[in-house]
Amino acid sequence: MKKVFFYPSKNLVIAIPAVLALGFLTGLVTDTSFFRHYILVLTFLMIYPTMIGFKVREAFDLSHRKTVLMSFAVNFLLIPAFAYGAGLLLLRNSPDMFVGLMMISLFPTSAMTISWTMLNKGNVAAAIKITSISLLLGSFLAPWYLYAMVGKLVTVNVGHTFLTILLVVVLPMVAGAVTFRMLRRIFSEEEYILRVKPLFPAVSVWFLMLLIFASISMKAKSMTENPAYLVNAILILVVFYGFNFFLSTLAARWILGPADGYALLYGTVMRNLSIALGIAVSAFGPETALVVTLAFIIQVQGAAWYGKLAPKYGWLDKKNSARTT
């Protein structure tokens, strides 16, 4: 049972496509529209475990400022600008897909940012700082970005979007802080780190799987009626992530070097698709959520392959002698 419990979180490259396929097949043979009543609950349960032990204080010291500031420029200026330009050029006639792409571009970083940085021997402290601040900034800026960028194509209720973010980001953050305090009273620091903390990512991923299953199954029949929509969604995501990997690699290679470079790269390429998916389904619907759901496959596969190829070909080897601060 322990192996089954941890399997999805340790094998996202396999688990996410499998759940996508299962959800698609289920949606073809049965009506799963009842899931729409539970999307917010599932999203909360997915985000909540990742917020237990979330350290906001670490975001506000002045260390690693060059890497952090560069991540802000990429996450909140260059990536949204590119997504907006690509959307205007390629998705003007597909507003739901356009919104999905913008949702992906506006919620940077996830817990996987820290994990992938650690796996590739990058600057974990900088990754934690990027993750913490980006989550807070993204939650505040996203509704306004959406309204300004796609408000003419679809109805963007800023108040409703803020309320959704409150329910799926702020409320889990508060609940996570309370839970962390309670757990630290029950367990010693060593017990917490060894026995309790490893459970949270696995729990979060199980609810993520259920949310992906729900979103894809609700859209399955319409996908078969319009396969071009699926193909277009995959193509625009490949373009989006290709640009993201290229831009972050270039910045890291010429300015930061490998250690800070991995923190920057995974702090910008890894989008917070869990939050984006929850808000997409709750505030905009299954068509928008489909784009975010497909992004899981490309993002996880891209991160895994980049981690294998970058050291081999020296993609982040520094090209000048400047040092980070």
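Summary of the structure given here. (Residues numbered from 1 in each chain as written. Predicted model: local features only at pLDDT ≥ 70, side-chain atom pairs only at ≥ 80, totals over all residues. Heavy atoms only, no water.)

## Topic: the overall build of the protein chain
The helix and strand inventory of the protein chain stands at 14 helices and 0 strands. Ordering the α and β elements of the protein chain from the N terminus gives α-α-α-α-α-α-α-α-α-α-α-α-α-α. The globule rule puts the C-alpha radius of gyration for 325 residues at 20 Å, and the 19 Å found for the protein chain is close to it. Structurally, the protein chain occupies a C-alpha span of about 55 × 50 × 40 Å along its principal axes. Accessible surface for the protein chain amounts to roughly 15,300 Å². Of this, 68% is attributable to carbon and sulfur atoms. (Helix = DSSP H or I, 4+ residues; strand = E, 2+ residues; numbered from the N terminus. Rg over C-alpha atoms; globule rule 2.2 N^0.38 Å. Areas by Shrake-Rupley, 256 points an atom, 1.4 Å probe, with all protein chains shown as cover.)

## Some words on the nonpolar core
Membership of the largest hydrophobic core comes to 90 residues, with the highest contact counts inside it found for Met103, Ile104, Phe107, Met209, Ile212, Leu237 and Tyr241. The dominant element in this core, judged by the number of residues it contributes, is helix α14 (residues 286-313), at 13 residues. Filtering out sequence-adjacent residues up to four positions away, Phe107 remains in contact with Gly138, Ser139, Ala142, Ile165, Arg271, Asn272, Ile275, Ala276 and Ile279. One finds Ile52, Leu183, Phe187 and Phe200 within the second-largest nonpolar core, a separate group that totals 6 residues. (Core = buried A, V, L, I, M, F, W, Y, C linked by side-chain atoms within 4.5 Å. Buried < 20%, exposed > 50% of the residue type's maximum accessible area, 1.4 Å probe, protein only. Contact = heavy atoms within 4.5 Å.)

## A word on the packing of helix α4 (residues 65-90) against helix α7 (residues 124-150)
Close contact between α4 and α7 brings their axes to 10 Å; oriented N to C, the two are set at 30°. When the axes of α4 and α7 are compared, the pair comes out roughly parallel. Relative to α7, α4 is oriented so that their crossing is right-handed. Along the contact surface, α4 presents Thr67, Val68, Ser71, Phe72, Asn75, Phe76, Pro80 and Tyr84, while α7 presents Ala126, Lys129, Ile130, Ile133, Ser134, Leu137, Gly138, Leu141, Tyr145 and Met149. (Axes fitted to C-alpha atoms, helices over the stretch in contact; angles between N-to-C directions. Parallel < 35°, antiparallel > 145°, perpendicular 65-115°, else oblique. Left-handed = near helix turned anticlockwise from the far one by under 90°.)

## What about the packing of aromatic side chains?
Each aromatic ring pair is summarised here by two numbers: the centre-to-centre distance and the angle between the ring planes. This structure, assessed with the given rule, holds 15 aromatic pairs. Where Phe245 meets Tyr306, the ring centres are 5.3 Å apart and the plane angle is 20°; that geometry is what we call stacked. Of the two residues, Phe245 sits in helix α11 (residues 227-256) while Tyr306 sits in helix α14, which places them 61 residues apart along the sequence. Considered together, Phe245 and Tyr306 belong to a single accessibility category, that of buried residues. Each ring, one from Tyr262 and one from Tyr266, has its centre 6.2 Å from the other, and the planes form 10°; the classification is stacked. Of this pair, Tyr262 and Tyr266 both sit in helix α12 (residues 258-269), 4 residues apart, which is roughly one turn of that helix. Across the pair, Tyr266 and Tyr262 agree in class, each one buried. An aromatic cluster of at least three residues, connected via ring pairs, comprises Phe245, Tyr262, Tyr266, Tyr306, Tyr313 and Trp315. (Phe/Tyr/Trp six-rings, centres within 6.5 Å; stacked < 30°, edge-to-face > 60°.)

## A look at α7
If you look at α7, its biggest bend is around 40°, right at Leu141, and the proline Pro143 turns up within four residues after that. Between a side-chain oxygen at the N-terminus of α7 and the backbone nitrogen of Ala125 the separation is 3.3 Å; the capping residue is Asn123. (Bend = angle between axes of the 7 residues up to and from the residue. Polar contact = N/O pair within 3.5 Å; in protein donor to acceptor, adjacent residues only side chain to side chain.)

## Side note on a nonpolar patch on the surface
Residues Leu40, Leu163, Leu166, Leu167, Val170, Leu171, Val174, Val178 and Met182 make up a contiguous nonpolar surface patch of roughly 720 Å² in combined accessible area. For the nonpolar patch, the element with the highest residue contribution is helix α8 (residues 158-186), accounting for 8 residues. (Patch = residues over 30% accessible without salt bridge, like charges linked within 9 Å, V, L, I, M, F, W, Y side chains within 5 Å. Salt bridge = Lys/Arg side-chain N within 4 Å of Asp/Glu carboxyl O.)

## Overview of the packing of α7 against α8
At their nearest, the axes of α7 and α8 sit 9 Å apart, and the two run at 165° to each other. Between α7 and α8, the interaxial angle falls into the category roughly antiparallel. Viewed along their axes, α7 and α8 form a crossing whose handedness is right-handed. Between α7 and α8, the contacting residues are Leu135, Leu136, Ser139, Phe140, Ala142, Pro143, Trp144, Leu146 and Tyr147 on the first element and Val158, Thr161, Phe162, Ile165, Val169 and Met173 on the second.

## Concerning the pattern of salt bridges
All told, the structure shown has 1 salt bridge when counted by the stated rule. With a closest N to O distance of 3.7 Å, Arg195 and Glu191 form a salt bridge. Of this pair, Arg195 and Glu191 both sit in helix α9 (residues 189-196), 4 residues apart, roughly one helical turn. The class of Arg195 is exposed, set by a relative accessible area of 52%. Judged by its relative accessible area of 31%, Glu191 is partly exposed.

Geometry only, nothing functional implied.
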